[in-house]
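# Working through the structure, step by step
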Amino acid sequence: MSLENWTPSNVDLDKARVAATQRRDANRVKMLHHHAFRCRNAEETRSFYEGLLGFPLVAACIEPIDPLTNEPKPYMHMYFELADGSALAFFDYPSHFKASDFPEVDQFGHHIAMEVKGGDAVIDAYKDKLTQAGIDVLEIDHGYCRSIYFYDPNGMRVEFATNVSVTERFFADKYQSVDADMSAWKKLREQHFGQQQTA
């Protein structure tokens, strides 16, 4: 993604902030509670998220019964806390997952993106820390934010992003043009890929 299809407007950002606050207040879904993913090994996952990235492990729940089958198959459900109180959660469930369940997932297929506080200095520090730990890091400057992408030990694609000077205006403007952008995408999609079949 880039700034290619964006022309900055003169939208009053104070009014845009009020509108955004009203829109968010009207939404009954408050925030991300947790995002859950499978893990190969609870200790390995803890070493990565708590040890390397600094996300505190705030709950490690040993569950004795599979809630889908009611069978006595124990598993671990871990929660690593983010600054807003939400969490990344993982299931260590050896009787459910096999080795082939852990491919590195393409970032277009699935990734979790988290905003970091502290701007470029924090992004650079995480990039250095990950690289020193032998983890490949992809950096992309999207124009409206700067991101690094990497894989966790479970094959999940993780993004750390930091806002830049144009981030707020970009999203205020894109909210104003969302219907036009969706219409333009529908036409472009049909030109390139044909009519979409609906389920």
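Structure's up top.
What comes next is a walk through the structure. Computed from a predicted model, the values in this text were never measured in an experiment.

The number of helices and strands found in the protein chain is five helices and eight strands. In the protein chain, the succession of α and β elements from N to C terminus is α-β-α-β-β-β-β-α-β-β-β-α-α. Taking the principal axes of its C-alpha atoms as reference, the protein chain extends roughly 60 × 45 × 35 Å. Residues counted as buried form 33% of the 199 residues belonging to the protein chain. Carbon together with sulfur atoms contributes 53% to the accessible area of the protein chain, which is approximately 13100 Å² in total. If you average the places of the 21 positive and of the 30 negative side-chain charges in the protein chain, the two averages end up 5 Å apart.

The next thing to look at is the sheet that holds strand β3 (residues 75–81). In spatial order, the strands read β1-β4-β3-β2; together these four strands make up an open sheet with mixed pairing. The sheet terminates laterally at β1 (34–39) and β2 (57–63), the two strands that pair on one side only. Taking each pair of neighbouring strands and ignoring which way they run, the sheet shows an average axis angle of 20°. As paired strands, β2 and β3 are joined by six bridges and run antiparallel to one another. Paired with Glu 63 across the strands is Tyr 75, a residue of β3. On top of the sheet, helix α2 (residues 42–52) reaches β1, β2, β3 and β4 (87–92); it is set at about 0° to β3, its chief contact.

What counts, and at which threshold
- Residues numbered from 1 in each chain as written.
- Predicted model: local features only at pLDDT ≥ 70, side-chain atom pairs only at ≥ 80, totals over all residues.
- Heavy atoms only, no water.
- Helix = DSSP H or I, 4+ residues; strand = E, 2+ residues; numbered from the N terminus.
- Buried < 20%, exposed > 50% of the residue type's maximum accessible area, 1.4 Å probe, protein only.
- Areas by Shrake-Rupley, 256 points an atom, 1.4 Å probe, with all protein chains shown as cover.
- Lys, Arg positive; Asp, Glu negative; His and termini not counted.
- Charge placed at Lys NZ, Arg CZ, Asp CG, Glu CD.
- Pairing = 2+ DSSP bridges.
- Axes fitted to C-alpha atoms, helices over the stretch in contact; angles between N-to-C directions.
- Contact = heavy atoms within 4.5 Å.

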